[in-house]
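# Coordinate inspection notes
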Amino acid sequence: EVCALLFFRFGITPTANKLYQVVKKGSMSAPAEALSRFWKELREKSRIRIENPALPEELRVAAGILTGKLWDQAQVLAHESLNSFRAETLELVHKAQVDKDAAYAERDGAINALSSANGRIDQLNESVSTLEKQLAGEQAIRSSLETQLSQAAREIEGLKRDLTAARQDFSAELAKLNSAAKLAEERYLASEQRALLEIDRERTMAGRLEKELAQSRVKRVEMFELHKTEITSLQHAVGQYRQQIGVLEGNLEAAKADRNRLEEKATTMRTQFIEIRSQLAAHEVQSENWREKYEAVIAENAKLANLERRGRKPKLGLRSETRRSMTIPTSKK
């Protein structure tokens with residue numbers, strides 16, 4: 001059966017080595033015996049006999065020789081047609097194999113590009129998550145700074161109110177002291193006038209009044225120094241609060257700048273993420289197109305393989321008629 005397949009279907013002259021390479025069973029003597037039987041049966045079947053008692057022996061021999069020559073010529077033509085068909089088939093198979101290799105290469109490239117895009121998307125997602133966390137932290141810091149700034153502004157307002165009240169109290173006290181001083185001076189002048197009339201009797205009273213005046217002056221000076229110290233302390237506290245407000249405002253401006261920078265960076269990352277998604281969609285469409293091409297190539301290869309298994313043969317009338325008369329064993333399918 002293998003000899004018949006090699007000789008008639010593929011046009012290959014069978015040998016013992018080729019039979020052993022195909023079958024790979026038994027010893028080397030078995031292919032030689034099978035080859036000998038094949039050539040013997042082929043010679044017997046290719047010998048044309050014209051059985052007709054009415055014809056002379058020479059005529060039957062001549063008719064058999066003529067028929068054999070026609071059969072040989074038909075075989076030559078059939079082999080040429082088979083070789084041409086085999087060459088075309090091999091060329092188509094080679095072309096399909098090249099297209100298949102190119103499709104595999106492009107498919108692998110698309111898969112690598114898709115894997116790279118997925119990895120980059122994962123990195124961008126992680127970067128976006130990190131930026132969002134940083135932005136949330138900056139917003140929390142900003143809220144805390146704004147709360148501290150509001151509290152400091154309220155404290156400054158309270159200090160301003162206290163300073164205003166202290167100034168009013170100091171002005172009122174100073175007015176009282178001035179009134180008392182004026183009153184004392186008036187009393188002193190009146191006493192002095194009376195003392196001119198009653199020097200001896202009013203000397204003691206004048207000393208007492210002078211003592212009261214001195215005490216009043218000392219008290220006024222002490223009150224003035226006390227209010228001055230309080231005013232200096234309040235001014236120092238106001239300066240410190242103003243410095244703290246400046247620091248807080250600087251921190252707030254820095255936080256605002258960082259927030260704006262992070263928002264711009266997040267916007268840029270989102271834009272890149274959208275572009276990569278668009279590229280990924282394009283790669284998926286291209287991969288689907290190549291997959292369809294690959295399935296078409298596979299279907300064409302399967303069709304060619306089916307044709308090769310069927311073993312297409314040229315339709316020659318003489319060969320068909322001659323082959324009907326031959327009983328060469330073929331493989332069972």
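Bear in mind the structure is a predicted one, so any value in this text is a computation, not a measurement.

## So, the overall build of the protein chain
Along its length, the protein chain carries 6 helices and 0 strands. Helices (α) and strands (β) of the protein chain occur, in sequence order from the N terminus, as α-α-α-α-α-α. Looking at the protein chain as a whole, 19% of its 333 residues qualify as buried. Sequence separation of 24 or more characterises 77% of the internal contacts of the protein chain that already satisfy a separation of 6 or more.

## Let's talk about the packing of aromatic side chains
This model, assessed by the stated rule, comprises 6 aromatic pairs. With a centroid separation of 6.1 Å and an interplanar angle of 70°, the aromatic rings of F7 and F38 are classed as edge-to-face. Taken as a pair, F7 in helix α1 (residues 2–9) and F38 in helix α3 (residues 29–46) lie far apart in primary sequence, 31 residues in all. Side by side, F7 and F38 carry an identical accessibility label, which is buried. Both rings, one in Y104 and one in Y294, keep their centres 4.9 Å apart while their planes meet at 55°; by these two values the pair is tilted. Linking Y104 in helix α4 (residues 57–197) with Y294 in helix α5 (residues 199–310), this pair joins segments that are 190 residues apart in sequence. The class of Y104 is partly exposed, set by a relative accessible area of 25%. Feature note: the residues F7, F8, F38 and W39 constitute an aromatic cluster, connected by ring pairs. Taking the ring centre of Y294 as reference, the NZ or CZ of R107 above it sits at 6.0 Å. Between the NZ or CZ atom of K293 and the centre of the ring of W290, over which it lies, the distance is 4.0 Å.

## A closer look at the pattern of salt bridges
In this structure the tally under the stated criterion is 8 salt bridges. For E132, the salt bridge is made with R270, and the minimal N-O distance between the two is 3.8 Å. Of the two residues, E132 is situated in helix α4 and R270 in helix α5; the sequence distance between them amounts to 138 residues. Overall, the relative accessible area of 41% leaves E132 in the partly exposed class. Between E295 and R291 there is a salt bridge, and its shortest N-O distance comes to 2.5 Å.

## Focus: the nonpolar core
Within the largest apolar cluster, 11 residues are counted, these being A117, I121, L124, V128, L131, L135, L262, M269, F273, I276 and L280. Going through the elements one at a time, α4 and α5 are the ones with two or more residues in this core. Element by element, the count of residues in this core is highest for α4, at 6 residues. When sequence neighbours within four positions are dropped, the list of residues in contact with L262 reads L131, Q134, L135 and E138. If you look at the next biggest cluster of nonpolar residues, it comprises 9 residues, including F7, F8, L35 and F38.

## Focus on α1
Listed in full, the buried residues belonging to α1 are C3, A4, L6, F7 and F8. With its phi angle positive at about 70°, G11 sits one or two positions after the end of α1.

## With respect to the environment of Y104
A C-alpha to C-alpha distance of 7.8 Å links Y104 and Y294, two positions 190 residues apart in sequence. Among the polar contacts listed, one links the side chain of Y104 to the side chain of Y294, at a separation of 2.4 Å.

## Quick look at the side chain of K100
One can find K100 in helix α4. Despite its burial, K100 pairs with no opposite charge; the closest candidate is D101, at 5.2 Å N-O.

## Some details on the side chain of R259
Position of R259 among the secondary structure elements: in helix α5. A relative accessible area of 18% means that R259 is categorised as buried. The residues contacting R259, other than those within four sequence positions of it, are L135 and R142.

## Observations concerning the packing of α1 against helix α2 (residues 16–23)
At a closest axis distance of 10 Å, the pairing of α1 and α2 adopts a crossing angle of 115°. In terms of axis orientation, α1 runs roughly perpendicular to α2. α2 is crossed by α1, and the crossing has right-handed handedness. Of the residues in α2, those in contact with V2, C3 and L6 of α1 are L19, V22 and V23. In the contact of α1 with α2, the residues fall into 6 nonpolar, no polar and no charged.

## A closer look at the confidence of the model for the protein chain
Considering every residue of the protein chain, the mean pLDDT works out to 77; 87% of them sit at 70 or more. Across the protein chain, α1 holds the top mean pLDDT of 83, while helix α6 (residues 317–325) sits lowest at 39. Counting interchain partners and residues more than four positions distant, the pLDDT-below-50 stretch residues 313–333 has 30 contacts.

Rules used throughout
- Residues numbered from 1 in each chain as written.
- Predicted model: local features only at pLDDT ≥ 70, side-chain atom pairs only at ≥ 80, totals over all residues.
- Heavy atoms only, no water.
- Helix = DSSP H or I, 4+ residues; strand = E, 2+ residues; numbered from the N terminus.
- Buried < 20%, exposed > 50% of the residue type's maximum accessible area, 1.4 Å probe, protein only.
- Contact = heavy atoms within 4.5 Å.
- Phe/Tyr/Trp six-rings, centres within 6.5 Å; stacked < 30°, edge-to-face > 60°.
- Lys NZ or Arg CZ within 6 Å of the ring centre and 35° of its normal.
- Salt bridge = Lys/Arg side-chain N within 4 Å of Asp/Glu carboxyl O.
- Core = buried A, V, L, I, M, F, W, Y, C linked by side-chain atoms within 4.5 Å.
- Polar contact = N/O pair within 3.5 Å; in protein donor to acceptor, adjacent residues only side chain to side chain.
- Lys, Arg positive; Asp, Glu negative; His and termini not counted.
- Axes fitted to C-alpha atoms, helices over the stretch in contact; angles between N-to-C directions.
- Parallel < 35°, antiparallel > 145°, perpendicular 65-115°, else oblique.
- Left-handed = near helix turned anticlockwise from the far one by under 90°.
- Nonpolar A, V, L, I, M, F, W, Y, C, P; charged D, E, K, R; others polar.
- pLDDT = per-residue confidence, 0-100.

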